[in-house]
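A look at the structure
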Amino acid sequence: MTRFEKLRCKLTETLQPLECHLQDDSAAHAGHAGAASGGSHYSVKIICQQFEGLNRVSRHRLVYDAVGDMMHTEVHALAIVALAPSEIPT
C-alpha cells in the first residue's frame, strides 16, 4: 500500500466521511527538506458528521488523531479543510 493509500484508508476508516478529497502536493515542495523521502506533503478536504458543532482546532485534532503516527514518520505536512455537512451549500 502506498503512503497516499494508507493515509486515505486511515482517514476514511476512522472518520467515515461523507466526502474525502485527498491530494498529494509533494511535487510543489521538491527540494524542501521535508520532501526528501518522497511524497510527504498532502492536502485534504473532508466532510464529516463528527465535525458538526466543533471548532476548527477540534476538527483538525480529529483528523490528526485519525492519521496517527503517520504525522511523525511519513507525512511532513497536511493542509486540512474540515467541514460539517451543515456547512455545505445545497
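Residues numbered from 1 in each chain as written. Predicted model: local features only at pLDDT ≥ 70, side-chain atom pairs only at ≥ 80, totals over all residues. Heavy atoms only, no water.

This part covers unusual backbone geometry. The backbone phi angle of Q16 is positive, close to 45 degrees, even though this residue is not glycine. Tracing the sequence through the fold places Q16 in the loop between α1 (3-15) and β1 (19-24). (Helix = DSSP H or I, 4+ residues; strand = E, 2+ residues; numbered from the N terminus.)

The sheet built from three strands is open, its strands ordered β1-β2-β3 with mixed pairing. Each end of this open sheet is capped by a strand with a single partner; those strands are β1 and β3 (77-83). Looking at each pair of strands side by side, their axes are set apart by 10 degrees on average, direction ignored. Relative to β3, strand β2 (residues 41-47) runs parallel, the two sharing seven bridges. Its bridge partner being in β3, H41 is matched across the sheet by A77. Packing of α1 onto the sheet brings it into contact with β1 and β2, and relative to β1 it is tilted by some 160 degrees. Relative to the sheet, helix α2 (residues 56-67) contacts β2 and β3, its axis offset from that of β3 by approximately 125 degrees. (Pairing = 2+ DSSP bridges. Axes fitted to C-alpha atoms, helices over the stretch in contact; angles between N-to-C directions. Contact = heavy atoms within 4.5 Å.)

Okay, the nonpolar core next. Grouped together as the largest cluster of nonpolar side chains are 19 residues, with contacts concentrated most on L7, L11, L15, V44, I46, F51 and V63. Of all the secondary structure elements, the ones that give two or more residues to this core are α1, β1, β2, α2 and β3. The contacts of V63, once residues within four sequence positions are left out, are L11, L15, I46, F51, L78 and I80. (Core = buried A, V, L, I, M, F, W, Y, C linked by side-chain atoms within 4.5 Å. Buried < 20%, exposed > 50% of the residue type's maximum accessible area, 1.4 Å probe, protein only.)

Evaluation of the coordinates by the stated rule reveals two salt bridges. The residue K6 makes a salt bridge to E74 at a minimum N-O spacing of 2.8 Å. Here K6 is found in helix α1, whereas its partner E74 is found in the loop between α3 (70-73) and β3, with 68 residues between them in sequence. Between R59 and E87 there is a salt bridge; the shortest N-O distance is 2.7 Å. Here R59, found in helix α2, pairs with E87, found in the segment after β3; they are 28 residues apart in sequence, far enough to count as distant. (Salt bridge = Lys/Arg side-chain N within 4 Å of Asp/Glu carboxyl O.)

The next subject is the side chain of S26. Structurally, S26 is set in the loop between β1 and β2. Assessed through its relative accessible area of 10%, S26 is described here as buried. A distance of 2.8 Å separates a polar atom in the side chain of S26 from the backbone nitrogen of S40. A polar side-chain atom of S26 sits 3.1 Å from the main-chain amide nitrogen of H41. (Polar contact = N/O pair within 3.5 Å; in protein donor to acceptor, adjacent residues only side chain to side chain.)

Turning our attention to the packing of α1 against α2. Two quantities define a packed helix pair, namely the angle between the axes and the distance from one axis to the other. It is at 8 Å that the axes of α1 and α2 come closest, and there the two elements cross at 120 degrees. Judged by the inter-axis angle, α1 sits oblique to α2. As for how α1 packs across α2, the hand of that crossing is right-handed. For the pair formed by α1 and α2, the contact residues are L7, K10, L11, T14 and L15 on the first element and L62, V63, A66 and V67 on the second. Its residues assigned to classes, the contact of α1 with α2 shows seven nonpolar, one polar and one charged. (Parallel < 35°, antiparallel > 145°, perpendicular 65-115°, else oblique. Left-handed = near helix turned anticlockwise from the far one by under 90°. Nonpolar A, V, L, I, M, F, W, Y, C, P; charged D, E, K, R; others polar.)

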